[in-house]
Amino acid sequence: MSSTYYPLSPTNIPKKLTGLTPSYQFRAFLAILAILLFFILYTAMVVALGYLAYYAIIYDMGKVNKITILLKIGAIAGAVMLFVFTLKFIFKLKNHKFENRIKLEKEKHPKLWSFIHKICEETGAPKPKSIYVDPDVNAYVAYSNMWLSLFLPVRKELTIGMGLTDCLNLSEFKAVISHEFGHFAQRSMKIGSYIISANTIIHDMIFERDKWDDLLDQWRASDIRLSAAAWVITPIIWIIRQMLNLFYQFLNIMYSSLSREMEFNADKVAVSTSGSDAIISALWKLDDGSNNWNSTLNHAYLASQKKMFVKNLYVHNSLVIERGAEKQEELLNQLPDDHRGGKHYFSVSEASKVSMYASHPPNDKREDSAKVPYVVCEEDERSPWLLFGNKEELQEKMTVLLYKQYFAKEVDSTVATEAFEDFIKTETQGTELLEEYDNAFQDRFMHVPEISGLKQAAAKIKEPSSTMLDTLKLELKTLMLPVKEIEVLMAKAQEIAQGTAKENSFSFKGIEYNKKNLESGYTSLLKQREEIFNENFKQWDTSFFALHYVMAEKIGKTAELTNRYQQHDMLSKLYKKITGIKNSILQSLNNLQEREDVTQAQVHSLTQNIKQMADSINDELKALDSISFVPMPNIDTVQELKEAIVEGGIFKREHGNIFENGGFNTMMNRIEIAIQSCQRIDQKSVGSILAFHKELQKQVA
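Residues numbered from 1 in each chain as written. Predicted model: local features only at pLDDT ≥ 70, side-chain atom pairs only at ≥ 80, totals over all residues. Heavy atoms only, no water.

## As for the packing of helix α11 (residues 313-334) against helix α14 (residues 417-427)
- Viewed as axis vectors pointing N to C, α11 and α14 meet at an angle of 50°, and their least axial separation amounts to 11 Å. Viewed along their axes, α11 and α14 adopt a mutual orientation that is oblique. In this structure, the crossing between α11 and α14 has a hand that is right-handed. Residues Leu313, Val315, His316, Leu319 and Arg323 of α11 touch α14, and the partners they reach there are Thr417, Phe420 and Glu421.
- Looking at the contact of α11 with α14 residue by residue, the classes come out as 4 nonpolar, 2 polar and 2 charged. (Axes fitted to C-alpha atoms, helices over the stretch in contact; angles between N-to-C directions. Helix = DSSP H or I, 4+ residues; strand = E, 2+ residues; numbered from the N terminus. Parallel < 35°, antiparallel > 145°, perpendicular 65-115°, else oblique. Left-handed = near helix turned anticlockwise from the far one by under 90°. Contact = heavy atoms within 4.5 Å. Nonpolar A, V, L, I, M, F, W, Y, C, P; charged D, E, K, R; others polar.)

## A few points about unusual backbone geometry
- Cis geometry is found at the peptide bond from Val372 to Pro373, where omega equals 0°.
- In this fold, Pro373 is placed in the loop between α12 (363-370) and α13 (391-407).
- With a phi close to 55°, Ala408 is a non-glycine residue in the positive phi region.
- Within the element layout of this structure, Ala408 appears in the loop between α13 and α14.
- For Lys509, which is not glycine, the phi dihedral falls at a positive 55°.

## Points about the packing of aromatic side chains
- For the structure on display, the rule yields 28 aromatic pairs.
- Ring centres of Tyr437 and Phe544 lie 5.3 Å apart, and the angle between their planes is 70°; this geometry places the pair in the edge-to-face category. Here Phe544 lies in helix α19 (residues 538-554) and Tyr437 lies in the loop between α15 (431-436) and α16 (451-459), a separation of 107 residues in the sequence. Residue Tyr437 shares its accessibility class with Phe544, and that shared class is buried. (Phe/Tyr/Trp six-rings, centres within 6.5 Å; stacked < 30°, edge-to-face > 60°. Buried < 20%, exposed > 50% of the residue type's maximum accessible area, 1.4 Å probe, protein only.)

## Section: the packing of helix α9 (residues 224-274) against α12
- Between α9 and α12, whose axes approach to 9 Å, the crossing angle comes to 45°. What the angle tells us is that α9 and α12 run oblique. The way α9 lies across α12 gives a crossing that is right-handed. For the pair formed by α9 and α12, the contact residues are Glu263, Phe264, Asp267, Lys268 and Val271 on the first element and Lys365, Arg366, Ser369 and Ala370 on the second.
- Along the lines of polarity and charge, the residues of the contact of α9 with α12 split into 3 nonpolar, 1 polar and 5 charged.

Here's what the structure looks like:
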């Protein structure tokens, strides 16, 4: 173990370990060729259309009359519009402003800067201009000025994710940072700047619609004598966009192919400073690290809805990691030994196919590359946080920034660590009961029978017993079998869509689905699963509720039980209502867009209908006031329940032309969040019911 804060490096590093392979050099050549072709094409287009505008201005009209004047004006206007179309996107190129980063000064973090400079010496990479931290589980390099990087050797910046620092040891951290500095040293990284610039231009020309497009639409809608030129240039614009779309795909295929080679090479750089195992074990830990951090963020967001904030979120993230450390260690020990050395982290049986547009190769291929040859290095198990000066101050500063940037919340006061941990513990209550029932309540609505129907079903049960409950659980497992088969196909469909499946198609009900009709196949699977839930589970639900109703009768708790059932039924209806409103809005919008001629009156009518549909959500929220409310984990009152669904407990109406002022997107975002919140509350309600059932079972036994 190193006696300093810098982990030991390998002693026997093979020659040319980090040398560029012929495959790398060939892909770099193709990417450069693609860039040159684009800029030649783009420059030619700008020059040609610029000359067209110039020629339209200077050409001789000949006879001067109303017709020739209109033709002259139309030609100039059309040519200028085409010229502006090719140029306007250049001005959109700008340096991305990162709002979620904190700059680390050398004076406050001398160990980290020294650590980074030592990695620069080992890798032969230029030193970074600046070092930043952001909240997440990542690390990346970027040019400090994208525009200038196209022409000058601009220095780069390093950003380190604090979530990454939480989940790795010092050797793994060194390997990841060395990997990033491997990119620093790659000259081909500059190709990325050109491709980002080219992609920005092409993407905006193909997909973006702005005031230029609005002007063209208005021009086409004017008198035909004035709009003729607009109708002439419209198909020209369409042809340009289609041509650029093909180039856009070609450019990204070329760069994605090079980017994967760059990752392999950067991994070799990491191996040269930290050995073969460190970079691979870091990759292996990243999934857990991301899941833990996302869990911490989710709980922070939910707690913020109750105006509960903490001073340092990273304390809680560390606690989440500690709770999972034993399981992670167990999984690590279960990994097979690799004949090349160390553990075999990523099995070749995992899907290793990668999309042509993917910028990173699959992890099993990265492991193979990092272990050929295998480089031994002693591992340093200490935390990377020892490199940071006053880590608590930095973590607290990042927590405040995170609340502001991610949740749009200003922190006035904070709660103790124990209070937030209690919130998390309460939030996860009932999850073990959901697992006990084969997760059969996770993706479906429970069929809650009317009280009269519930009493009728209960009357058929003479004496409740644990045997009856065991029988129901066995029946449930049988009911879930076809559901799980469908979900396996759904997972396969998603892998095919992402390009990570070994197979290119799947069969369902005698129909073969591939990438061409994948969406249709996935929709069929969802529909079939929904039909099974609606048709096959209704009787089981009735028997399940009736059994517990009889148990409640025996100890005089039917009122408490039925209150839970009725509350859950109302929450399910609200969930369905909001989901139905979202689908109705999208369908209405789709129907309008399919029409050839859309009038302003039709747009106004749709706007009013959308606003009315959104307003109806408030009627459903008000109806919650009438229920005999039963508290759920972290939801103690009806008002808290409503606020858990929609911020403030009321769905705010958007005013004016929602399709022009951004109101439509704001409204749909609120509806989407409300649907996700309803899903969370649905699971809470189910967990609460199952917990109450558990109490009944104990008392009746």
